[in-house]
Amino acid sequence: MRTDTPVTIHLKDYQPPAQAIRHVRLKVDLHPTATHITSDIDVEPKSQAPMVLHGEGLRLHAIAIDGKPLPPKAWTHEGGLLTINRVPDVPFRLHIVQSCNPQANTALSGLYLSNGIYCTQMEAEGFRRFAFFHDRPDVMATYDVRIEAPLSLPVLLSNGNPVRNGIMEGEGRHYAEWHDPHPKPSYLFALVAGDLASVHDSFTTMSGRKVCLGIYVEKGKEDRCAWAMESLKTSMRWDETAFGREYDLDVFNIVAVSDFNMGAMENKGLNVFNDKYILARPDTATDADHINIERIIAHEYFHNWTGNRITCRDWFQLCLKEGLTVFRDQEFTSDVRSRPVKRIEDVRTLRLRQFPEDQGPLAHPVRPASYIEINNFYTPTVYEKGAELCRMMQTLIGREAFRKAMDLYFQRHDGEAATVEDFVRCMADASGRDLTQFFRWYEQAGTPVVEVKTHHDDAKKTFDVEVTQAQAATPGQSDKLPLHLPLGLGLVGKDGRDLPLHLEGKGALNTPLIELTEARQVFRFTGVAERPVLSINRGFSAPVVLKSDATEQDRLFLMGHDSDGFNRWESAQGLARALFISAYEALAKGAALPSVSAFAAALGKTLDDDSADPAFKSLMLEFPTEAEIAALIGKEVNADHVREARRRIRAAIAKELLPPLETAFAATASAAAYTPDPASTGRRALRYAALSLIAAASPARGLTLATAELAHPDNMTAEMGALSAVLADVEAAPLLQRFLERHGEDPLLVDKWLLLSAQAPLPGAAERVDALTRHPLFTWTTPNRVYALIGGFSANLAAFHAADGAGYRLVADAIIRLNGINPQVAARMATGFRSWRQFDAPRRSAAEQEMRRILATESLSRDVFEIITRTLAA
């Protein structure tokens, strides 16, 4: 049991570093258990304060200033800090020799050894596990690096440009030297060494410079890199066109590794990726995998400017690089694929991942005010909600002004560690808009609830839209101030066309947008002869929970006529939510289920619309998740009733749509060679969405079609689509076993098998998953395995929140075990408990018991301690 309380770090306590570091020379002598790192650091004092360097799990061998060794009394090393009591008041060179143990580093933070490959992960605070340093983002320096290693590790990579390499005579070793001319914080340092295969290409920038591109992977996987390379070049060209950002080094390298805590890392000139986001071939990667690879490569590449050239002053500003770069990668995907489809997918992700965080015990502002362990704040709020804030500013000031503001941001802050205030000031200065109130979005946690009431006056030909906003209290924030919300809207006439917008007091609206800045406002539109149907928050212009007085008929009308693709989909989702909640309430009362006929008929019209994008049709066939339904119910939730209500309503809808679903499934068959282009991925998305509903309507028919699909699949999308469609059928077990027999030698496909097994909505899930933790192919030290099996199980609502508490016990056991292996992964699994208070009393009691058992664990990490204590406290 943890007996001390970890220190809380507060934004208000920020102090600039006492010393600046201008240049760093590193010599890294690689060894599995004792890698020696020699640091020569050029220091520029800013005060007479002692020099305090971070360092954890390191052995200190030597320390000197300007060539003179420091006596032991001149420094102390305790509590993860190396303190040099007195330093010169003029620039000096600090020399340190230290060593670390890569082989023992199962936390995968710092320098670690995995499958014979040396790899680093320095963000957020991993550099201190590699060398003593000012391990904070506002200390930026240029780097020269020399790596020495056995000849059995032929590939030696670091940041920047290669300088030289060669053989070290008589030692069976060689070296490589790298120079990075761009100042960077320590979290962007990277080093990789191993016996790796590679593929190479080049890119010519808009100024005519040639950049050498390399992707390094485990041997035998070179044939899975083509899509990643193509995605990289597409990203580089798009950033030049969309934001005027040109790449600034001679080389850009990517390394794919199997053991990695995150998705990828944007180290300057040497991105390190979880290999699931690099490796793709039609028979091993689904359409979703290809799109994720394209997106994540773009995200990490875009960090070169929004994250690397301009970084964060401190970790509280994390959204400055992550939220902004997520926004940029969303825009990229919207441009290279379908903007309406991408917007729907992003909002689904936001609602699935970020809204529950905002509405639960782990709620925090986009820019947090405090933390215990910074790794716990790589959250959907920082990433996805942070992106929404950038999008809202673009909506408020316009695309042209937003581009000018971004240019100003790059001009003002290139080479600096900036703050959120710096970024928003550029938006205000470039546009002339006052964004003072808007800044509250960065400081207030929680999701605003916006309520809309409408009134049409036939005599006056006016249409009033009354809008109110409110926010519930969140941990540490009981009082909320009104936010600045941009709400896109349209008034849809009886013929399905948008009416002209004339706002009283402002005249004709050139931009179909109203701005809510008060707790309550009324917007009156004039010249409206007949009652229109209001389409509001078009494009999900503000990340809010919207409640309106729209009738069922209004929503059905918008499903078929709204010119805004997002709101067509949103109308369908709203109707589906109402059906699922009504069915949940009926189950509790033993009453009849609601009729689905009107909704099914409207969906049928969408399916029959030949002009509609197949990808859009597929999204219309995907209904709110069990987790979303449970969150809407909010209190005393019975997870079994949620699952049953959703299953029954979904089956009822599918039965009424069976003929058009069969038609869609047959019409989307194709013998053409696999390509991941938007048209082909959209066709396949519709095919397997239709198959999933066919299986809901008729399990036997669904199983027949899926079995035929799996007899001779020519791509992984077909395999996963067919398997996913019939997971709820007990007869699908042999199909899952066959999948494993066919793909058991491929680690990434084993992950897919584990995920499918964990998410199957069948009885006995906890026992099944517990048995899989002892399967020879499962390992606790590989994050991807844990995310697939334990993370996948946590997302299986009725299984994780089982009434007997078995799901909670399983995940708690996993967290306790992982705590001693990889605290970051353990903490991620702990977030699964965040919604525990919305369930009924027996489930709440069982969840609390398991969380308190976790807290009683000896040597509990800061990572897990913070998540569990916050979850229990709210």
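Predicted model only: the values in this text are computed from it and were never measured. (Residues numbered from 1 in each chain as written. Predicted model: local features only at pLDDT ≥ 70, side-chain atom pairs only at ≥ 80, totals over all residues. Heavy atoms only, no water.)

## Regarding the overall build of the chain
Point 1. The secondary structure content of the chain amounts to 27 helices and 33 strands.
Point 2. Over its C-alpha trace the chain gives a radius of gyration of 28 Å, about what one expects of a compact globule, namely 29 Å for 874 residues.
Point 3. Each of the three principal axes of the chain carries a C-alpha extent, and together these read 90 × 65 × 60 Å.
Point 4. Taking the contacts inside the chain whose residues are at least 6 apart along the sequence as the reference set, 71% of them involve residues at least 24 apart.
Point 5. Accessible area of the chain: about 33400 Å², with a carbon and sulfur share of 51%.
Point 6. The distance from the centre of the 97 positive side-chain charges to the centre of the 111 negative ones in the chain is 2 Å. (Helix = DSSP H or I, 4+ residues; strand = E, 2+ residues; numbered from the N terminus. Rg over C-alpha atoms; globule rule 2.2 N^0.38 Å. Contact = heavy atoms within 4.5 Å. Areas by Shrake-Rupley, 256 points an atom, 1.4 Å probe, with all protein chains shown as cover. Lys, Arg positive; Asp, Glu negative; His and termini not counted. Charge placed at Lys NZ, Arg CZ, Asp CG, Glu CD.)

## A few points about the pattern of salt bridges
Point 1. All told, the structure shown has 72 salt bridges when counted by the stated rule.
Point 2. Across the pair D42 and R25 runs a salt bridge, and its minimum N-O distance is 3.1 Å. Here D42, found in strand β3 (residues 35-45), pairs with R25, found in strand β2 (residues 19-29); they are 17 residues apart in sequence, far enough to count as distant.
Point 3. By relative accessible area, which is 29% here, R25 ends up partly exposed.
Point 4. Here R351 and E570 are joined by a salt bridge, their closest N and O atoms 2.4 Å apart. (Salt bridge = Lys/Arg side-chain N within 4 Å of Asp/Glu carboxyl O. Buried < 20%, exposed > 50% of the residue type's maximum accessible area, 1.4 Å probe, protein only.)

## A short note on the packing of aromatic side chains
Point 1. Counted according to the given criterion, the structure contains 32 aromatic pairs.
Point 2. Measuring from centroid to centroid gives 5.6 Å for F540 and F566, while their planes differ by 50°, and the two rings are tilted. A residue pair is termed long-range when its members are at least 10 positions apart, and F540 in the loop between β32 (533-536) and β33 (545-548) and F566 in helix α10 (residues 565-589) qualify at 26 residues. Here F540 and F566 have matching classes, each one buried.
Point 3. An aromatic cluster is defined as three or more aromatic residues linked by ring pairs; in this entry it consists of W238, F243, Y247, F252, Y301, F302 and F332.
Point 4. Over the aromatic face of W305 sits the side chain of R245, whose NZ or CZ is 4.6 Å from the ring centroid. (Phe/Tyr/Trp six-rings, centres within 6.5 Å; stacked < 30°, edge-to-face > 60°. Lys NZ or Arg CZ within 6 Å of the ring centre and 35° of its normal.)

## Side note on helix α27 (residues 862-873)
Point 1. Compared with an ideal rise of 1.5 Å per residue, which puts 12 residues at 16 Å, α27 spans 16 Å between its outermost C-alpha atoms and is within 8% of the ideal.
Point 2. Here α27 lies mainly inside the structure; nine of its 12 residues are buried.
Point 3. Of all the positions in α27, only D863, V864, F865, E866, I867, I868, R870, T871 and L872 are classed as buried.
Point 4. Buried-residue contacts for α27 involve β23 (370-371), α24 (806-819), α25 (823-830) and α26 (841-855). (Expected span 1.5 Å × (residues − 1).)

## Examining the packing of helix α4 (residues 339-358) against α10
Point 1. Between α4 and α10, the least distance of the axes is 10 Å, while the angle of their chain directions is 40°. With respect to their mutual orientation, α4 and α10 come out oblique. Across the interface between the two elements, R343, I344, V347, R348 and R351 of α4 pack against G565, F566, W569, E570 and R577 of α10.
Point 2. A per-class count over the contact of α4 with α10 returns four nonpolar, one polar and five charged. (Axes fitted to C-alpha atoms, helices over the stretch in contact; angles between N-to-C directions. Parallel < 35°, antiparallel > 145°, perpendicular 65-115°, else oblique. Nonpolar A, V, L, I, M, F, W, Y, C, P; charged D, E, K, R; others polar.)

## Topic: the nonpolar core
The nonpolar side chains of a soluble globular protein tend to be buried with one another.
Point 1. If you look at the biggest cluster of nonpolar residues, it comprises 161 residues, and the most contacted ones within it are L94, F423, Y442 and F525.
Point 2. By residue number, the principal contributor to this core is helix α5 (residues 380-397), which donates nine residues.
Point 3. Every residue in contact with F525, bar those within four places of it in the chain, is listed here: K461, T462, F463, V465, L489, L491, L501, H502, L503, L509 and I514.
Point 4. The next biggest cluster of nonpolar side chains, apart from the first, holds 119 residues, and it includes F580, A664, A690 and A830. (Core = buried A, V, L, I, M, F, W, Y, C linked by side-chain atoms within 4.5 Å.)

## Regarding the sheet that holds strand β6 (residues 68-69)
Point 1. Pairing in this open sheet of eight strands is mixed, and the strands run β6-β5-β9-β3-β2-β12-β15-β14 from one edge to the other. If you trace the sheet from one side to the other, it starts and ends with β6 and β14 (161-168), each paired once.
Point 2. Pairing of β3 with strand β9 (residues 92-100), which is carried by nine bridges, proceeds in the antiparallel orientation. The partner of V43 across the bridge, within β9, is F92. (Pairing = 2+ DSSP bridges.)

## A word on unusual backbone geometry
Point 1. Following E123, the chain continues to A124 via a peptide bond in cis, the omega torsion being 5°.
Point 2. The residue N115 is not glycine, and still its phi comes out positive at about 55°.
Point 3. With respect to the secondary-structure elements, N115 resides in the loop between β10 (110-114) and β11 (117-121).
Point 4. Its relative accessible area of 57% is what places N115 among the exposed residues.
Point 5. In this structure, E636 takes a positive phi of about 50° despite not being glycine.
Point 6. The topology assignment puts E636 in the loop between α13 (626-633) and α14 (639-656).

## What to know about helix α2 (residues 287-302)
Point 1. Here α2 contains 16 residues, and its C-alpha end-to-end distance of 22 Å stays within 8% of the 22 Å for a straight helix at 1.5 Å per residue.
Point 2. Of all 16 residues in α2, 12 are buried; the element is thus mostly enclosed.

## Description of the state of the cysteines
Point 1. Per the counting criterion, the structure on display carries zero disulfides.
Point 2. The thiol of C119 is not disulfide-bonded; the next cysteine sulfur, from C100, is found 13 Å away.
Point 3. Classification of C119 as buried rests on a relative accessible area of 1%.
Point 4. Free of any disulfide, C312 has its nearest neighbouring cysteine sulfur in C319, separated by 7.8 Å. (Disulfide = S-S within 2.5 Å.)

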